[in-house]
Amino acid sequence: MANFNIDAKKELTYDAIVIGSGVSGGWAAKELTEKGLRVLMLERGKQLEHITGYENALKAPWELKYDGRLTTQQIESHPKLSRDYPYNEMTEKYWMNDSDSLYREKKRFDWFRPNIVGGKSIMWGRQSYRLSDIDFEANLRDGIAVDWPIRYADIAPWYSHAEKFAGISGEKLGLPQLPDGEFLPPMDMYYLEKEVRKRLEKSFPGRVMTIGRVANLSKAAEEQLGVGRGPCQFRNRCSWGCPFGAYFSTQSSTLPAAAKTGRLTLRPDSVVTEITFDNDTQRATGVRVRDAVTMQDREYFAKIIFVCASAISSTALLMHSTSDRFPNGMGNDSDQLGRNLMDHHFRTGASGRWEGGHDHYYYGRRANGIYIPRYRNIGDDKRDYLRGFGYQGGASRGNWQRSVAELSFGADLKDELTQPGEWTMGLGGFGETLPYSDNRMWLDKETKDKWGMPVVVFDAEIRDNEKKMRLDMANDAKEMLEAAGLKDVKTYDKGSFPGMAIHEMGTARMGRDPKTSVLNGHNQIHAVKNVFMTDGACMVSTSCVNPSLTYMALTARAADFAVEELKKHNL
Amino acid sequence: MISRRDALQRLTLLLGGALSAQLTAGVLGQVINLGPSVLVSAAQQKLLTEVADTIIPTTDTPGSKAAGAEQFIIRVLRDCYVLEDQEAFYDGLSKLEDDSHRLHNQSFADLDAARRHEIVKQTAISNKAFFHNLRTLTVTGYFCSEIGATKALEYLPIPGRFEGDVPFKPGQKAWAL
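Residues numbered from 1 in each chain as written. Chains lettered and ligands numbered in written order. Predicted model: local features only at pLDDT ≥ 70, side-chain atom pairs only at ≥ 80, totals over all residues.

(A) Highlighting the overall build of chain A. Helix and strand counts for chain A stand at 13 helices and 20 strands. In summary, chain A has a C-alpha radius of gyration of 24 Å against a globular reference of 25 Å for 571 residues, a match within 12%. Projecting the C-alpha coordinates of chain A onto the three principal axes gives extents of approximately 85 × 55 × 50 Å. A total of 571 residues make up chain A; the buried ones form 56% of that total. By sequence separation, contacts in chain A at least 24 residues apart represent 72% of the contacts at least 6 residues apart. (Helix = DSSP H or I, 4+ residues; strand = E, 2+ residues; numbered from the N terminus. Rg over C-alpha atoms; globule rule 2.2 N^0.38 Å. Buried ≥ 20, exposed ≤ 12 C-beta atoms within 10 Å, placed from the backbone. Contact = placed C-beta atoms within 7 Å.)

(B) Representation of the sheet that holds strand S17 (residues 454-459) of chain A within the structure. Residues and elements named next belong to chain A. An order of S3-S17-S16 is seen for the three strands of this open sheet, with the pairing classed as mixed. With partners counted over all chains shown, the strands left at the sheet margins are strand S3 (103-105) and strand S16 (440-448), one partner each. Strand-to-strand twist of the sheet, defined as the mean angle between neighbouring strand axes without regard to direction, takes the value 30 degrees. Relative to S17, S3 runs parallel, the two sharing three bridges. Across the sheet, residue Tyr 103 finds its bridge partner in S17, namely Val 456. (Pairing = 2+ DSSP bridges. Axes fitted to C-alpha atoms, helices over the stretch in contact; angles between N-to-C directions.)

(C) Layout of the interface of chain B and chain A. Taken together, the contact pairs 57 residues of chain B with 54 residues of chain A. Looking at the side of chain B that touches chain A, the elements with two or more residues in it are helix H1 (4-14), helix H2 (21-27), helix H3 (42-55), helix H5 (69-80), helix H7 (113-126), helix H8 (128-143), helix H9 (146-152) and strand S1 (163-167) of chain B. The biggest single contributor to the side of chain B that touches chain A is H1 of chain B, with six residues. Partitioned by chemical class, the residues of the side of chain B that touches chain A number 36 nonpolar, 10 polar and 11 charged. (Nonpolar A, V, L, I, M, F, W, Y, C, P; charged D, E, K, R; others polar.)

(D) Quick peek at the sheet that holds strand S18 (residues 487-493) of chain A. Residues and elements named next belong to chain A. One open sheet holds the six strands; their spatial order is S6-S13-S14-S15-S11-S18, and the pairing between them is antiparallel. Bordering the open sheet on either side are strand S6 (210-211) and S18, each of which pairs with just one other strand. As paired strands, S6 and strand S13 (residues 370-372) are joined by two bridges and run antiparallel to one another. Bridge assignment links Thr 210 to a residue of S13, and that residue is Tyr 371.

(E) Layout of H8 of chain B. With 16 residues, H8 of chain B should cover 22 Å at 1.5 Å per step; its first-to-last C-alpha distance of 22 Å lies within 8% of that length. Three or more residues of H8 of chain B are buried, namely Phe 131, Leu 134, Arg 135, Leu 137, Thr 138, Val 139, Thr 140, Gly 141, Tyr 142 and Phe 143 of chain B. At its buried positions, H8 of chain B is contacted by helix H11 (411-417) of chain A together with H3, helix H4 (64-67), H5, H7 and H9 of chain B. (Expected span 1.5 Å × (residues − 1).)

(F) Seen up close, the packing of H3 of chain B against H5 of chain B. All names here are of chain B. Packing of H3 against H5 brings their axes to within 9 Å, and their N-to-C directions diverge by 120 degrees. As judged from the angle between their axes, H3 and H5 are oblique. As for how H3 packs across H5, the hand of that crossing is right-handed. The residues of H5 that touch H3, namely those facing Gln 45, Leu 48, Thr 49 and Ala 52, are Ala 69, Glu 70, Ile 73 and Ile 74. Class assignment of the residues belonging to the contact of H3 with H5 gives a composition of five nonpolar, two polar and one charged. (Parallel < 35°, antiparallel > 145°, perpendicular 65-115°, else oblique. Left-handed = near helix turned anticlockwise from the far one by under 90°.)

(G) The arrangement of the confidence of the model for chain B in detail. Residues and elements named next belong to chain B. Residues at a pLDDT of 70 or more form 80% of chain B, whose mean pLDDT is 85. Per-residue pLDDT stays below 50 along residues 1-33; that stretch engages in 41 contacts with residues further than four places along the chain or on separate chains. Confidence metrics for the complex model read pTM 0.93 and ipTM 0.94. (pLDDT = per-residue confidence, 0-100.)

(H) View of the packing of helix H2 (residues 23-34) of chain A against helix H13 (residues 548-567) of chain A. Residue and element names in this part refer to chain A. Relative to each other, H2 and H13 sit at 35 degrees, their axes nearing to 9 Å. Between H2 and H13 lies a crossing of right-handed hand. Across the interface between the two elements, Val 23, Ser 24, Trp 27, Ala 28, Glu 31 and Leu 32 of H2 pack against Ser 548, Tyr 551, Met 552, Thr 555, Ala 556, Ala 559, Asp 560 and Val 563 of H13. For the contact of H2 with H13, the class distribution of residues is nine nonpolar, three polar and two charged.

(I) Representation of unusual backbone geometry. All names here are of chain A. Residues other than glycine seldom take positive phi values, yet Asn 236 does so here, at roughly 60 degrees. As for its placement among the helices and strands, Asn 236 is situated in the loop between helix H8 (222-225) and helix H9 (250-260). Notably, Arg 347 is not glycine yet its phi reads approximately 65 degrees, a positive angle. Structurally, Arg 347 is set in the loop between helix H10 (311-320) and strand S11 (348-354).

(J) Fine view of the environment of Cys 544 of chain A. Residue and element names in this part refer to chain A. Of note, Cys 544 is situated in the loop between strand S20 (528-533) and H13. When the C-alpha atoms of Cys 544 and Pro 435 are compared, they prove to be 13 Å apart, with 109 residues separating the residues in sequence. Those residues in contact with Cys 544 that lie beyond four places of it in its chain are His 344, Arg 374, Arg 387, Gly 388, Phe 389, Gly 390, Phe 430, Gly 431 and Glu 432.

(K) The arrangement of the pairing of strand S2 (residues 39-42) of chain A in detail. All names here are of chain A. The alternating pattern of S2 places Val 39 and Met 41 and Leu 40 and Leu 42 on opposite faces, both of which are buried. In terms of strand pairing, strand S1 (residues 13-19) meets S2 through four bridges, oriented parallel. Looking at the pairing, Ala 16 lines up with Val 39 of S2. Handedness of the β-α-β unit built from S1, H2 and S2 comes out right-handed. Relative to strand S7 (residues 264-267), S2 is paired through four bridges, and the arrangement is parallel. Residue Leu 40 lies in a different strand from S7, and its bridge partner there is Thr 265. (Right-handed = clockwise from strand over helix to strand, strands pointing away.)

(L) Focus on the pairing of strand S14 (residues 389-397) of chain A. All names here are of chain A. By the criterion of burial, S14 is predominantly enclosed, with nine of the nine residues buried. Judged by which residues are buried, S14 turns out to be covered on both faces: Phe 389, Tyr 391, Gly 393, Ala 395 and Arg 397 on one side and Gly 390, Gln 392, Gly 394 and Ser 396 on the other are all buried. Pairing analysis gives three bridges linking S13 to S14, with the strands arranged antiparallel. In the strand pairing of S14, Ile 372 is matched with Tyr 391.

(M) Examining H9 of chain A more closely. Residue and element names in this part refer to chain A. Summarising burial for H9: eight of the 11 residues are buried, a large majority. All of the buried residues along H9 are Thr 250, Gln 251, Ser 252, Ser 253, Thr 254, Leu 255, Ala 257 and Ala 258. Against the buried residues of H9 lie H2, S2, helix H6 (152-166) and S7. Looking one or two places after H9, you find Gly 262, whose phi comes out positive at around 75 degrees.

Next up, the structure:
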């Protein structure tokens, strides 16, 4: 009995703790377990079993109750989440209730928090692009914020590593601003997209339209078949959960790979409230966890900790992990924790109507669009703003949801809607947002959520640089669509609030200098060497491309470094 | 550890005290009724069925009535519309029935197809908001129904492949979503 306490602690001790089970957490668990570590992965959300957990995934349209609509009850109980489409009839069980997800908005911030194992890897948009040296050098070149501590060459092999396992379909373009990767075959373009592509390349040399690079298996390679994944069935139901495992998610990909090692322990319903710190060793010792259901507190111990709870939650956790050494939050010597909060700005562009092409149709539902890589402020192009944007969009033929003549009804209406409508095409920009030190989040220690965690306060907005860029995002789209021959092209700007793109970044940035950054070039907290953060919090600038692939690559790279450091007894 | 009631009070503060009594009840896990929803009588349901079937009638494929689109309409109105909007909808339906009595001394359900068409046409002009609401709900309910999706349109549960440019064959139906 004398050893009881030692034995008990041993049971609660792992080689590594991974906080969060989304894109980054899943990759951390996979890489660390495959390198021989015993890993505890903690997820605050509930269990979501692969395939059987996706209750709506195989429902036909007539098996849904409201064709995607929310009920008045859901709108009232989710005043924030219900402001935008990701929370809908098919996905509502995947998101956290607003009453559990308390936060305050000095300025509007849409914080989409999942409540499941797998996190947002279940509902994500799956667009997967590499950053380039144009991105990694941008802050240095522009004299903004701090320089990225890494360059493309540092991360390129890890992009390849991530792509080969995740399975990214796409087309090689040979562009410096959008490096090619290890691609599965590209998906097909619609008739109209092919027409527009031809005309665009003629009218605007240097601008390219390609099919989206997307984490859906156009063809399952050995790496994916090995974890039980199958090819994309083109159902376009991805965010409901894919029973074919055809897109990358924690459940379809990294979780089975980690589980196969026999070294993974996954604990859902585990709210990490604090990372514990030992002042003698200047290392983190483990985490405190509050059970989301029973409210019981437990403590776990590990040699290394990967914080992958998503940018906002990871940052809030560090802020809440105070000690004599870190009164303002773990690793926050620089006062940068919570600052430089960024998201892509979007929801502006143009769309138009195509005359003809009525004898062209399609087969299958493609869960992907087209992509026009950034061309602004590259080479000789100089605008009155910094950085740039890419376009996502696509063509479609009108379906039964299209608008019809004001008074139309009866047999004529029915006949009309059982036939395809006109071809249309739209382009929407995704723009880079600069890091502003006073675009920030902090904790309101007076107000706590039901697990006793102080709530997050947001104070961030897009500014002049982004607003100027948005004019180009709308006008360029119109100009290109018109040049390609579309008619009645109209621009739109529906406004963009931070958080809406669900690409939160920057609140614990990497950097070379501990005085001005939280993490070093290996995603390691400068002052707490055994804690790594590899989600969006680490980003020094946003680029204009979707960020998840970069989190995968950075996580794998950091895991490799961490294990090497463990072997050298540096951690 | 804090109680749910504490959490709620905090939520109320966060929302600037604007939390409704119903929401409070709901968050506390009680059965909630967000205001009494309109109780739809058998007569109203019958009327709605016939009106919706005039919007999407049987042609060479079955129409709204066969597809049961009125069930979708009633469900969406009850669960997804606030009471005020539910009432506006059923008021519009009553007015349409009144028009039928006034002009033809008959219930809408008893009119022949031509007269039904006339009444709905008049309503489309005189009560645009109601008509557009009715049409959107009927069209959605119909094309999302099994009959609408598989008979009026063509539904592919598992397409298995994607081809972006295939010839549109004469007589081919549009894809269901």
